Amino acid sequence: MLQLYHFTFSHYCEKARWALDYKGIPYESRPLVPGFHMRTTLKLAPQSCVPILAGDGVVVQDSTEIISFLERTFPVSPLTPDDPDQAAEALEWEEYLDEEIGVTLRRWFYFHALPDRRRSVRFLCQGANAFQRALFGPAFPRIRQAMIEMMDVYPEPSRQAEQRLMAAFDRLDAALGRHDYLVGGQFSRADLTACALLWPFCRPGESDSQVEALLPEPVRALRARSLSRRFYTWVLDTYRRHRAESPIVRRSAAL
C-alpha cells in the first residue's frame, strides 16, 4: 500500500491528501513533525520536504508531482481536463497558485506565527502524538530559526509576500466571478490546488475558538476582512462539495 509522509498542518500536504482521497486511493498516513522529519524523509528522497508518496516501488516528492503521478497511474476521477487547452490552463493555474498563494501565504503566516511559541507549537504539532510533542518543545527554538532561514521569513520578504498574496486574492475573485470552477466548468487540479493552499487561512469546518487557538491575530484579522470575498466563500463551498467527508475536515472538529 502507498504511504503518504506529510505534515498535518501543511497546505501542500493537504493538496496531496485531497488528491488521494478524491480518487479513492487507499494509503497509509505517516504524519511527521518538523525538524525530526528529516530523519525519515532523507532516507526516502533527495530533499527533506514533504509531501512524499512512497510504496509499490515508487517514491514521489512534491504535491504537483504526486498529482501528476496519480493521474497517470490511477485515471479514475481525473483531476486534469481531457481538453488539451483546458489541461494546460489547469496546470498554469496550479503553478501560479503554488507560488503566489502557497509560498506567499506560508511566509507571511510564519512571520506572524513563529514569534508566539505557544501558538506555533500548537499549530506545528497538529497530528503529533504525545512523544513527538514532548520532543518538539525543547527543540522549538532551533526548529524556528531553521524555518525562518529556509523560508526567508524576514520583515521585508514577508511584507512583499503579503502584497503578492493580496494580488492573488484579487485574481481569484476576478477569475471566479459567478463560476464554480476555474477551468472548463468542472472540478480540476486547479480548484483543488487553490482550495488546499487556502485551507490553513479559510479553516473550513472549524469553530471560532479553534481558529483563535491556531491563528495569530494579524492572520485572523485578514481572514475576518475576507469572509465575504468571492474566493473565500468559494473555498468553503468547494470543501463542502468535494471534500466534506475527508479525514482532515472531520479531524478539525476534534482539535
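The rules we used
Residues numbered from 1 in each chain as written. Predicted model: local features only at pLDDT ≥ 70, side-chain atom pairs only at ≥ 80, totals over all residues. Heavy atoms only, no water. Helix = DSSP H or I, 4+ residues; strand = E, 2+ residues; numbered from the N terminus. Rg over C-alpha atoms; globule rule 2.2 N^0.38 Å. Buried < 20%, exposed > 50% of the residue type's maximum accessible area, 1.4 Å probe, protein only. 1 Å grid on protein atoms, 1.4 Å probe; cavity = no way out; pocket = protein on both sides within 12 Å on 5 of 7 lines; lining within 4 Å. Points joined across faces, edges and corners; volume = space filled by probe spheres on them. Nonpolar A, V, L, I, M, F, W, Y, C, P; charged D, E, K, R; others polar. Axes fitted to C-alpha atoms, helices over the stretch in contact; angles between N-to-C directions. Parallel < 35°, antiparallel > 145°, perpendicular 65-115°, else oblique. Contact = heavy atoms within 4.5 Å. Salt bridge = Lys/Arg side-chain N within 4 Å of Asp/Glu carboxyl O.

Caption draft 1: Quick look at the overall build of the chain. The secondary structure content of the chain amounts to twelve helices and four strands. Its C-alpha radius of gyration of 18 Å places the chain within 12% of the 18 Å reference for a compact globule of 255 residues. Along the longest, intermediate and shortest principal axes, the C-alpha atoms of the chain span 50 × 45 × 35 Å. Across the 255 residues that make up the chain, the buried fraction comes to 53%.

Caption draft 2: Structural view of the layout of surface pockets. Taken as a whole, the largest pocket spans an internal volume of roughly 830 Å³. Around the largest pocket, the lining is made up of 34 residues, and of these F7, C49, R106, M150 and M151 lie nearest the centre. At the level of elements, helix 1 (11–22), helix 3 (63–73), helix 4 (84–113), helix 6 (130–151) and helix 8 (189–202) are the ones that each hand at least two residues to the lining of the largest pocket. No other element matches the seven residues that helix 4 contributes to the lining of the largest pocket. Taken together, the residues that form the lining of the largest pocket break down as 21 nonpolar, eight polar and five charged. What the second largest pocket holds in volume is close to 170 Å³. Lining the second largest pocket are L32, V33, F36, H37, R39, T40, F131, Q132 and L135. Those elements giving two or more residues to the lining of the second largest pocket turn out to be helix 2 (38–44) and helix 6. Of all the elements, helix 6 adds the most residues to the lining of the second largest pocket, at three residues.

Caption draft 3: Geometry of unusual backbone geometry. Between V50 and the following residue, P51, the backbone shows a cis peptide bond with an omega angle of 15°. Within the secondary structure, P51 is located in the loop between helix 2 and strand 3 (52–55). Phi is positive for S77, which is not a glycine, with a value near 50°. As for its placement among the helices and strands, S77 is situated in the loop between helix 3 and helix 4. One non-glycine residue with positive phi stands out, namely R203, at about 55°.

Caption draft 4: The arrangement of the packing of helix 4 against helix 8 in detail. Between helix 4 and helix 8, the shortest axis-to-axis distance is 8 Å and the interhelical angle comes to 10°. As judged from the angle between their axes, helix 4 and helix 8 are roughly parallel. When helix 4 is examined against helix 8, the residues A90, L91, W93, E94, L97, D98, I101, G102 and L105 are found in contact with a partner set consisting of R189, A190, T193, A194, L197, L198 and F201. The class makeup of the residues in the contact of helix 4 with helix 8 is eleven nonpolar, two polar and three charged.

Caption draft 5: Structural view of the pattern of salt bridges. Following the criterion strictly, the structure yields 17 salt bridges and no others. For the salt bridge of K15 with D98, the shortest nitrogen-to-oxygen distance reads 3.0 Å. Note that K15 is positioned in helix 1 and D98 in helix 4, a separation of 83 residues in sequence. In this pair, the class of K15 matches that of D98, namely buried. A salt bridge links D237 to R240; the shortest N-O distance between them is 3.6 Å. One end of the pair is D237 and the other is R240, both in helix 11 (residues 230–242) and three residues apart, which spans about a single turn. Since its relative accessible area comes to 25%, D237 is described here as partly exposed. A relative accessible area of 55% means that R240 is categorised as exposed.

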